[in-house]
Amino acid sequence: MTRSLSKISGEDNLDTNYDFLIKFLLLGDSGVGKTCFLHRYTDKEFKQKFIATVGVDFRLKKLVYEFPEEDDEDSKKKIHLQLWDTAGQERYRSLTKAFFRDGMGFLLLFDLASENSFRSVRQWLDEIKEQAYSDEPDIVLVGNKNDLDSREVTTAEAKKLADELKIAYVETSAATGENVEYAVNHLLDLVMKRMRDYVSHMEQEEGSASVSQQQPSQRLSPEAKEKSSCPC
Ligand code: GTP
Ligand code: MG
């Protein structure tokens, strides 16, 4: 089942203008399916052959995003979504870490058929938190390869960990495409809500700053101004 949260639509013919440039990072142990997940999301294809990623790679997706609770034309935002695919192999770790700081959202993948990759989740999370822009970055934990019968991690175990870490959890299959788009859309919702809250917070701060920067007489009510300008 592929679910969709908010109204997000792909557009191939968007011009080069965009309202937001969003950067997501895909992280997780080597072989969990990051590159396949990304191919599935951008090209709707699946490649069986495993070719480990060297360093980092990225793909761009152009989207029109609409906040779920808003329906007017102004609420539609053109998004350029950069999806950074990182190498899971340890030897590239110092290189890939340098990219963490630019990530606005993180898809942290493990393989549902590999308990080892699930055990690595905490370590990945520590590394994200160490490098990321915020103490509580937006992260979606993704249990990939849910098409396989050879599961080593149950849904209950994964959900328990996600709840403990206070992050969302989604089970996907890059092979069938199940929930791949949903996982990305869910992260996009989290990041867009954070951006909207940030912008309105900044607007409020600017509003109160411009009031406090005024001279005391500028802040007086018309009635009080009249009084203050009275020469008597
Ligand atoms: P690194 O680049 O080394 O970090 O690995 P990766 O996480 O990018 O793994 P990759 O996407 O290359 O996939 C590794 C292997 O898992 C490949 O053989 C894929 O075909 C297979 N694979 C990926 N996703 C799925 C899935 O959802 N289901 C199944 N059955 N196999 C998958
Ligand atoms: Mg890869």
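Residues numbered from 1 in each chain as written. Chains lettered and ligands numbered in written order. Predicted model: local features only at pLDDT ≥ 70, side-chain atom pairs only at ≥ 80, totals over all residues.

Under an unreviewed UniProt entry, the name given to the protein chain is Ras-related protein Rab-27B, and the organism recorded is Ciona intestinalis.

Colleague: Just give me the short version of the overall build of the protein chain, but keep the residues and values in it.
Modeller: A count of helices and strands for the protein chain gives seven helices and seven strands. Taken from the N to the C terminus, the helices and strands of the protein chain come in the order β-β-α-β-β-α-β-α-α-β-α-β-α-α. A burial count over the protein chain gives 31% of its 232 residues as buried. Here the contacts in the protein chain between residues at least 6 apart in sequence split such that 76% fall between residues at least 24 apart. (Helix = DSSP H or I, 4+ residues; strand = E, 2+ residues; numbered from the N terminus. Buried ≥ 20, exposed ≤ 12 C-beta atoms within 10 Å, placed from the backbone. Contact = placed C-beta atoms within 7 Å.)

Colleague: Talk me through unusual backbone geometry; I want residue IDs and the actual numbers.
Modeller: Backbone geometry at Lys145 places phi at a positive 70 degrees, although glycine is not the residue there. In this structure, Lys166 takes a positive phi of about 60 degrees despite not being glycine. Examined against the element boundaries, Lys166 turns out to sit in the loop between helix 5 (155-165) and strand 7 (168-171). Overall, Lys166 belongs to the exposed group, with 8 C-beta atoms counted inside 10 Å.

Colleague: Could you give an account of the site of ligand 1, naming the residues involved and the relevant values?
Modeller: By nearness alone, 22 residues border ligand 1, and Ser30, Gly33, Phe50, Thr53 and Gly88 come closest of all. Here the residues of the shell around ligand 1 sort into eight nonpolar, eleven polar and three charged. (Near = placed C-beta within 6 Å. Nonpolar A, V, L, I, M, F, W, Y, C, P; charged D, E, K, R; others polar.)

Colleague: How would you sum up the pairing of strand 6 (residues 139-144)? Please name residues and give values.
Modeller: Extensive coverage of strand 6 is indicated by the burial of six of its six residues. What you see with strand 6 is no split at all: Ile139, Leu141 and Gly143 on one side and Val140, Val142 and Asn144 on the other are buried throughout. In this sheet, strand 6 lies alongside strand 5 (residues 105-111) in parallel orientation, the contact comprising six bridges. Residue Phe110 lies in a different strand from strand 6, and its bridge partner there is Gly143. Alignment of strand 6 against strand 7, held across four bridges, turns out to be parallel. Residue Gly143 lies in a different strand from strand 7, and its bridge partner there is Glu171. You can see the chain leave strand 6, run along helix 5 and come back into strand 7, and the turn it takes is right-handed. (Pairing = 2+ DSSP bridges. Right-handed = clockwise from strand over helix to strand, strands pointing away.)

Colleague: Give me the confidence of the model for the protein chain: which residues, what numbers.
Modeller: Within the protein chain, residue pLDDT values average 85, and 81% of them lie at 70 or more. Between residues 1-5, whose pLDDT stays under 50, and residues either more than four places distant or in other chains, the model counts 14 contacts. A low-confidence stretch, residues 215-232 stays under pLDDT 50, and its non-local contacts, those more than four residues away or across chains, total six contacts. (pLDDT = per-residue confidence, 0-100.)

Colleague: Describe the pairing of strand 4 (residues 76-86), naming the residues involved and giving the relevant values.
Modeller: Looking at chain direction, strand 2 (residues 20-27) and strand 4 are connected through seven bridges and run parallel. Across the sheet, Ile22 pairs through a bridge with Leu81, a residue of strand 4.

Colleague: Please give an account of the nonpolar core that cites residues and values.
Modeller: By size, the foremost hydrophobic cluster in this structure holds 44 residues, and its most contacted members are Phe24, Leu26, Leu107, Leu108 and Leu109. Among the elements that take part in this core, helix 6 (residues 180-213) stands out by supplying seven residues, more than any other. (Core = buried A, V, L, I, M, F, W, Y, C linked by C-beta atoms within 7 Å.)

Colleague: Residues and numbers for the environment of Trp124, please.
Modeller: Here Trp124 shows up in helix 4 (residues 121-131). For the pair formed by Trp124 and Leu109, sequence separation is 15 residues and the distance between their alpha carbons is 9.6 Å. Among all residues touching Trp124, those that are not within four sequence positions of it are Leu27, Gly28 and Leu108.

Colleague: Please provide a residue-by-residue account of the environment of Leu26, values included.
Modeller: Along the chain, the position of Leu26 falls in strand 2. Taking the C-alpha atoms as reference points, Leu26 and Gly105, separated by 79 residues in sequence, lie 8.9 Å from one another. The contacts of Leu26, once residues within four sequence positions are left out, are Lys34, Phe37, Leu38, Leu83, Trp84, Asp85, Thr86, Leu107 and Leu109.

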